[in-house]
Amino acid sequence: MLIQIIGVGKLKEKYLTLGIQEYAKRLAPYIKFQMIEVADEKAPDTLSEAEVRAVKEREGERILAHVKSEAHVVALALDGQLWSSEELAMEIDKLGTYGTSHVVFVIGGSHGLSDEVLRRAKQRLSFGRMTLPHQLMRLVLVEQIYRAVKINRNEPYHK
């Protein structure tokens, strides 16, 4: 199985990079995992709605350039479904068994995801109503993917 995370912007914080590298190393015996970064759109802090939409569209084009046609796309979005760790594990297992062996999780930039990316997604996932930095979300997501893999293999880690 190939699981990719596509995120907008370059990780700058060393602690996040090291955490993601650790979980990627832990995942290596079980699945193929890739973290893909696409450039964020440079823009001033204050934008009109039209400018925000344009930023999301340009970032969305960069995201979709990395999404293969056979991939099952899960967009992280505030209006997405709330899954427990066990439910995420079941979804990944179900996709690998009956759907596709290529899953892409997409994390937008500070303005979110474009309508085009959201339309391409087969599912939307939310980690709750709290706003988390999109950079930190990558680490949280890769940890949950690792947890899901361990759950599916009935191996110790999940508590």
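Residues numbered from 1 in each chain as written. Predicted model: local features only at pLDDT ≥ 70, side-chain atom pairs only at ≥ 80, totals over all residues. Heavy atoms only, no water.

Looking at an unreviewed UniProt entry, the protein chain carries the name Ribosomal RNA large subunit methyltransferase H, with the source organism given as Paenibacillus xylanivorans. You can read under Catalytic activity (unreviewed entry) in the UniProt record for the protein chain the words "pseudouridine(1915) in 23S rRNA + S-adenosyl-L-methionine = N(3)-methylpseudouridine(1915) in 23S rRNA + S-adenosyl-L-homocysteine + H(+)". Of the protein chain, the UniProt comment under Subcellular location (unreviewed entry) reads exactly: "Cytoplasm". (UniProt positions renumbered as here; feature names shortened; annotations may be inferred.)

Counted under the stated rule, the structure contains two aromatic pairs. Geometrically, the ring pair formed by Tyr23 and Tyr146 is tilted, given 5.8 Å between the ring centres and 50 degrees between the ring planes. Highlighted residues: Tyr23 in helix H1 (residues 14-27) and Tyr146 in helix H5 (residues 134-152), separated in sequence by 123 residues. In this pair, the class of Tyr23 matches that of Tyr146, namely buried. Ring geometry for Tyr146 against Tyr157: centres 4.8 Å apart, planes inclined by 70 degrees, an arrangement best described as edge-to-face. With Tyr146 in helix H5 and Tyr157 in the segment after H5, this residue pair connects regions lying eleven residues apart in the sequence. Here Tyr157 falls in the partly exposed class, since its relative accessible area comes to 22%. Aromatic rings pair up to connect Tyr23, Tyr146 and Tyr157 into one cluster. (Phe/Tyr/Trp six-rings, centres within 6.5 Å; stacked < 30°, edge-to-face > 60°. Helix = DSSP H or I, 4+ residues; strand = E, 2+ residues; numbered from the N terminus. Buried < 20%, exposed > 50% of the residue type's maximum accessible area, 1.4 Å probe, protein only.)

With that settled, consider the packing of helix H3 (residues 85-98) against H5. Running from N to C, H3 and H5 cross one another at 75 degrees; their axes reach a closest spacing of 8 Å. Considering their axes alone, H3 and H5 lie roughly perpendicular with respect to each other. Every residue of H5 that contacts H3 at Ser85, Glu86, Leu88, Ala89, Met90, Ile92 and Asp93 is listed here: Gln144, Ile145, Arg147, Ala148, Ile151 and Asn152. Partitioning the contact of H3 with H5 into residue classes produces seven nonpolar, three polar and three charged. (Axes fitted to C-alpha atoms, helices over the stretch in contact; angles between N-to-C directions. Parallel < 35°, antiparallel > 145°, perpendicular 65-115°, else oblique. Contact = heavy atoms within 4.5 Å. Nonpolar A, V, L, I, M, F, W, Y, C, P; charged D, E, K, R; others polar.)

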